[in-house]
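These are the residues of each chain, in order.
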Amino acid sequence: DAGRRPGSSYTFRSSRMSARISSGGIEVLGPDPWACDPIPGSSVRLVFVGGDSRSPVLPGPVAPVRITNLRGGATEVGGQDGVAYETLVIPGVWEGVDVRFRARGASLEYVFEAEGPAAVRRIRMSVHGGRSVRATVGGGLEVDCGTSVLVQSAAVAMTLPLGRDSSPIACTYEMRDA
């Protein structure tokens, strides 16, 4: 499909943040939805440790969008048609593990799709940047970025295929010193 070629990185933008997705991980640029480069003191990198950084980022189905430039409140200065993707997939980040990204409201959701328990054990991520990282009572992570807080929901894993017969797999974030 035209416009749906593998790329080295894609940018996610929402009303609350911007992030760059690549085969090496996720770089949260900061709370400014139009940031193109990391905002000092606000950016965080989530790195796929031991992953294949040569894996292409594959865009999913196209979702046409209208990009509007606003100035002075709600005055439209100009607009253009754009292209957004419903999902992005990085196949084979680790052997037997793909990573799928999608927007969930103003948040970025990523899911590790693993071929089995051995593949799940290969998944490792590290957090770079931010002032501190702490585990929450509910099993999530919070990264203090100075001007904002990056919240990682509690890890959830299910057997595939998803459906009535799928069952949960125990998983958790593990805190290690750098």
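Keep in mind the model is a prediction, meaning the values are calculated, not measured. (Residues numbered from 1 in each chain as written. Predicted model: local features only at pLDDT ≥ 70, side-chain atom pairs only at ≥ 80, totals over all residues. Heavy atoms only, no water.)

Let's shift gears to the nonpolar core. Core analysis: the largest hydrophobic core is formed by 26 residues, its most contacted members being Ile26 and Phe101. Listed by contribution, the elements that provide at least two residues to this core are strand 1 (9–13), strand 2 (18–22), strand 3 (25–30), strand 4 (44–48), strand 8 (87–94), strand 9 (97–104) and strand 10 (107–114). Looking at this core element by element, the count peaks at four residues for strand 8. Each residue touching Ile26, except ones within four places of it in the same chain, is listed here: Ala19, Arg20, Val44, Arg45, Leu46, Phe101, Leu108 and Tyr110. (Core = buried A, V, L, I, M, F, W, Y, C linked by side-chain atoms within 4.5 Å. Buried < 20%, exposed > 50% of the residue type's maximum accessible area, 1.4 Å probe, protein only. Helix = DSSP H or I, 4+ residues; strand = E, 2+ residues; numbered from the N terminus. Contact = heavy atoms within 4.5 Å.)

Following the criterion strictly, the structure yields five salt bridges and no others. With a shortest N-O distance of 3.2 Å, Glu27 and Arg20 are connected by a salt bridge. Residue Arg54 is joined to Asp52 by a salt bridge in which the shortest nitrogen-to-oxygen separation is 3.1 Å. You can call Arg54 exposed: its relative accessible area is 73%. Judged by its relative accessible area of 25%, Asp52 is partly exposed. (Salt bridge = Lys/Arg side-chain N within 4 Å of Asp/Glu carboxyl O.)

We now examine the environment of Pro31. Here Pro31 is to be found in the loop between strand 3 and strand 4. Note on Pro31: relative accessible area 32%, which makes it partly exposed. Measuring from C-alpha to C-alpha, the distance between Pro31 and Cys145 comes to 9.6 Å, with 114 residues separating the pair along the chain.

Turning next to the confidence of the model for the chain. Across the chain, the average pLDDT comes to 76, with 76% of residues at 70 or higher. Predicted confidence in the chain is weakest over strand 7 (residues 75–85), with a mean pLDDT of 59, and strongest over strand 8, with 89. (pLDDT = per-residue confidence, 0-100.)

Now for the sheet that holds strand 1. Taken in spatial order, the five strands of this open sheet run 1-2-3-4-11, and their pairing is antiparallel. Each edge of the open sheet carries a strand with a single partner, namely strand 1 and strand 11 (125–129). The mean inter-strand angle of the sheet, taken between neighbouring strand axes irrespective of direction, is 20°. (Pairing = 2+ DSSP bridges. Axes fitted to C-alpha atoms, helices over the stretch in contact; angles between N-to-C directions.)

Bringing the side chain of Gln152 into the picture now. Inspection of the secondary structure puts Gln152 in strand 14 (residues 149–152). A distance of 2.4 Å separates a polar atom in the side chain of Gln152 from a polar atom in the side chain of Tyr110. Each residue touching Gln152, except ones within four places of it in the same chain, is listed here: Leu46, Tyr110, Gly140, Leu141 and Tyr173. (Polar contact = N/O pair within 3.5 Å; in protein donor to acceptor, adjacent residues only side chain to side chain.)

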